[in-house]
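# Fold and geometry: a report
This is what each chain is made of:
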Amino acid sequence: MKKVKLDIVGLSYSQTQSGAYALVLGEVNGRRRLPIIIGAFEAQAIAIEIEKMTPTRPLTHDLFKSFAQLYHIQILEVLIYNLVDGVFFAKLICSDGENTQEIDARTSDAIALAVRFNAVIYTYEFILSSAGIVIEGNDFLFLENMDSIAKEHSTEEIHTSIQGSGYQAFSDEELQQKLEEALAEEAYERAARIRDEITKRNTL
C-alpha cells in the first residue's frame, strides 16, 4: 500500500471540550490535513519537545527514549496504519542496527516519540483519502498555542473515539454542511469529530 509522509502542522486547545486537543498532521508537499483528537498529557509531551523545553524530571516519553537508547534502539518510523470507528492505530518501526521490529502504540504516544527520535511519520493513502481534510488556498494552521500547551501541567486524557460526539442525530447533508462551516472557521478539532461521524456512517 502507498505510504504518505506527514509533518506536524498544528496543535491547539479544544474549543468545545476541556482536556481535548487537536493534533493536525499535514501531507508533505500537499494540502490534505489529518486532524487527530488527543489527550492533554500527550499534547503537552509533543509541545514540550517541539519547543525544546526541558522538564525538571523526565516525562514518560523521555524515559522511554533514554531506555531505548541505552540499549541502542532507535525509532526509525511511525506508521498510522488503520482507522476504526474514529480511532487511529499506529505502530513504531524500531531497529537496533541489526533487527527491525514493529511495536503497536497509541497514535498520540507514537507522535510524541517520533518528535524525540526525529522519526518520520507516515500514513497510508487510503486513510488520508477517507479521513483527511483538504485545505484550500493558503490557510495557515494554528501553532500559536504550542508554547502555552508545553507549559501546562494537566494530565487529563480524553477518548479519541467519536462516541458521545453529539453528531449522531444529524443527517448526512447536515453533517456535510457542519463540516464545511467548521473548516471555514478553522475549527479543526470540531471538523475532525464531524469527519469521524461521517466516516463511521460510510463504513456501516
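Here's what I pulled together on the structure shown here. (Residues numbered from 1 in each chain as written. Predicted model: local features only at pLDDT ≥ 70, side-chain atom pairs only at ≥ 80, totals over all residues. Heavy atoms only, no water.)

## Overview of the pattern of salt bridges
- Within this structure, the stated rule accounts for eight salt bridges.
- Note that Arg116 is salt-bridged to Asp62, the shortest N-O span being 2.7 Å. A residue pair is termed long-range when its members are at least 10 positions apart, and Arg116 in helix H3 (residues 107-117) and Asp62 in helix H2 (residues 60-70) qualify at 54 residues. When sorted by exposure, Arg116 lands in the same class as Asp62, which is buried.
- A salt bridge links Arg106 to Asp109; the shortest N-O distance between them is 3.0 Å. (Salt bridge = Lys/Arg side-chain N within 4 Å of Asp/Glu carboxyl O. Helix = DSSP H or I, 4+ residues; strand = E, 2+ residues; numbered from the N terminus. Buried < 20%, exposed > 50% of the residue type's maximum accessible area, 1.4 Å probe, protein only.)

## Focus on the packing of aromatic side chains
- In this structure the tally under the stated criterion is three aromatic pairs.
- Measuring from ring centre to ring centre gives 6.3 Å for Tyr81 and Phe89, while their planes differ by 55 degrees; the resulting arrangement is tilted.
- Judged by centre distance (6.1 Å) and plane angle (20 degrees), the rings of Tyr124 and Phe126 are stacked.
- Residue classification places Tyr124 among the buried residues on the basis of a relative accessible area of 14%.
- Using a relative accessible area of 39% as the deciding quantity, one classes Phe126 as partly exposed.
- Over the face of the ring belonging to Tyr122 we find Lys3, whose NZ or CZ atom lies 4.6 Å from the ring centre.
- Over the aromatic face of Tyr81 sits the side chain of Lys91, whose NZ or CZ is 5.1 Å from the ring centroid. (Phe/Tyr/Trp six-rings, centres within 6.5 Å; stacked < 30°, edge-to-face > 60°. Lys NZ or Arg CZ within 6 Å of the ring centre and 35° of its normal.)

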